[in-house]
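Below, each chain spelled out in residue letters.
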Amino acid sequence: MDNILTFIKKEFLHVFRDRKTLLMLFGLPIVQIILFGFALTNEITNAKIAVCDYAKDDASQHIIGKLQASQQFEIQSALLSHEQIGTAFKGGEIKMAIVFPANFNNDLLHQHKAQVQLITDASDPNTATAISGYANQIVMDYQNDLMQLQRLPYQINTEVRMIYNPELKAAVNFVPGVMSLILLLVCVLMTSVAIVKEKETGTMEILLVSPFNPFLVIVSKAVPYLALSLINLTIILLLSVFVLGMPINGSILLLYAVSTLFIITALSLGLLISNSTASQQSAMLISLMGMLVPSILFTGFMFPLENMPYPLQLVSHIIPAKWYYIIVKSVMVKGLGLSAIWKETLILLTMTVLLLVFNIKKFKIRLT
């Protein structure tokens with residue numbers, strides 16, 4: 001027991017003496033969670049629009065007021081003609097123009113129908129689709145207000161309900177994905193050089209002649225990074241709740257338990273890379289190229305897995321971050337318990353056991 005505590009203490013000292021390691025361990029997660037939470041978002045806010053109001057009546061002014069009160073739009077100018085609209089689009093001043101025809105309110109009250117023209121800049125189709133959808137929703141809200149005052153014939157009311165994320169916050173999707181990406185990358189990167197560093201510095205010979213159990217060597221290499229990764233997890237959760245405004249709807253203890261399992265999986269993967277490489281440079285390269293791209297592609301928080309070909313969907317099953325992403329969304333966002341995530345947890349546990357077995361066999365081969 002004293003031997004393993006000595007090894008763990010040595011690994012902690014190695015980590016705290018290396019400022020670059022500390023910067024990567026704590027600086028990288030903070031930067032990524034803030035970057036993905038604020039900068040890399042698919043929400044549209046403060047989109048610059050223009051209004052061309054030929055009607056200038058109560059109905060058009062009411063809708064314009066709703067647009068001004070929305071966080072999605074910023075009314076840049078009030079235009080007088082379609083020619084000015086074309087000029088504004090060509091100058092890149094606006095993303096959308098809303099045109100109210102003459103007699104808009106009169107048509108709405110007497111004919112029970114009226115038209116509003118939404119003109120968007122489709123050079124960015126995703127943005128154009130999103131902002132036109134936001135504007136259409138505001139118009140529909142005004143129509144619903146009128147329906148409460150006066151019943152119109154042949155009405156078809158459509159109710160849209162957004163469960164789990166009614167405000168459509170991007171953080172609800174990005175935070176679980178970034179958590180899985182950060183924890184996997186940091187843990188794999190840190191431990192991928194742990195054993196190969198011993199070989200490069202010449203201390204591997206000491207391990208070769210020592211009676212120390214190879215399993216305990218692996219444990220002593222992983223324990224410091226496990227403790228620091230849990231601190232990392234706490235920082236990410238605090239930033240998510242207090243900075244990004246994303247509540248934790250499920251059990252925090254369950255979230256920490258499955259996160260600990262995922263961290264152990266990532267640490268075991270990093271140690272396997274370290275056992276299988278001959279230099280720190282190659283270990284770092286394999287960790288970055290072998291983990292970063294697959295985690296981004298096959299986790300599911302950036303690209304829907306359902307849209308991928310079936311062979312690629314099969315490949316995604318061997319990516320640990322995919323299963324952890326599903327677990328975090330189920331616990332944090334949906335507030336579900338262990339009964340809903342037992343399958344994903346069992347898969348992570350199986351991966352961890354297999355990686356630990358491979359690590360012990362690899363290390364025994366090295367010792368011989």
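For the protein, an unreviewed UniProt entry supplies the name ABC transporter permease and the organism Sphingobacterium phlebotomi. One UniProt comment on the protein, placed under Sequence similarities (unreviewed entry), says "Belongs to the ABC-2 integral membrane protein family."

Student: Give a description of the overall build of the protein that names residues and reports values.
Tutor: Of regular secondary structure, the protein possesses 15 helices and four strands. Each of the 368 residues in the protein was classed as buried or not, and the buried ones make up 42%. In the form shown here, the protein has an accessible surface area of approximately 19900 Å², with 62% of it arising from carbon and sulfur atoms.

Student: Describe in detail the packing of helix α7 (residues 171-192) against helix α11 (residues 252-276), supporting the description with residues and values.
Tutor: Contact geometry for α7 and α11: axes closest at 7 Å, N-to-C directions at 35°. As for the relative orientation of α7 and α11, their crossing is right-handed in sense. Of the residues in α11, those in contact with S180, L183, L184, C187, V188, T191 and S192 of α7 are F262, I263, A266, L267, L269, G270, L271, I273 and S274. The residue makeup of the contact of α7 with α11, split by class, is eleven nonpolar, five polar and no charged.

Student: Lay out unusual backbone geometry in plain terms, naming residues and giving numbers.
Tutor: Excluding glycine, residues mostly have negative phi values, and the peptide bonds linking residues are mostly trans. Of note, K56 is a non-glycine position whose phi angle comes to about 55°, a positive value. Of note, K56 is situated in the loop between β1 (47-53) and α3 (58-69). Phi is positive for N103, close to 60°, though the residue is something other than glycine. Mapped onto the elements, N103 comes out in the loop between β3 (96-100) and α5 (104-110).

How each quantity is defined
Residues numbered from 1 in each chain as written. Predicted model: local features only at pLDDT ≥ 70, side-chain atom pairs only at ≥ 80, totals over all residues. Heavy atoms only, no water. UniProt positions renumbered as here; feature names shortened; annotations may be inferred. Helix = DSSP H or I, 4+ residues; strand = E, 2+ residues; numbered from the N terminus. Buried < 20%, exposed > 50% of the residue type's maximum accessible area, 1.4 Å probe, protein only. Areas by Shrake-Rupley, 256 points an atom, 1.4 Å probe, with all protein chains shown as cover. Axes fitted to C-alpha atoms, helices over the stretch in contact; angles between N-to-C directions. Left-handed = near helix turned anticlockwise from the far one by under 90°. Contact = heavy atoms within 4.5 Å. Nonpolar A, V, L, I, M, F, W, Y, C, P; charged D, E, K, R; others polar.

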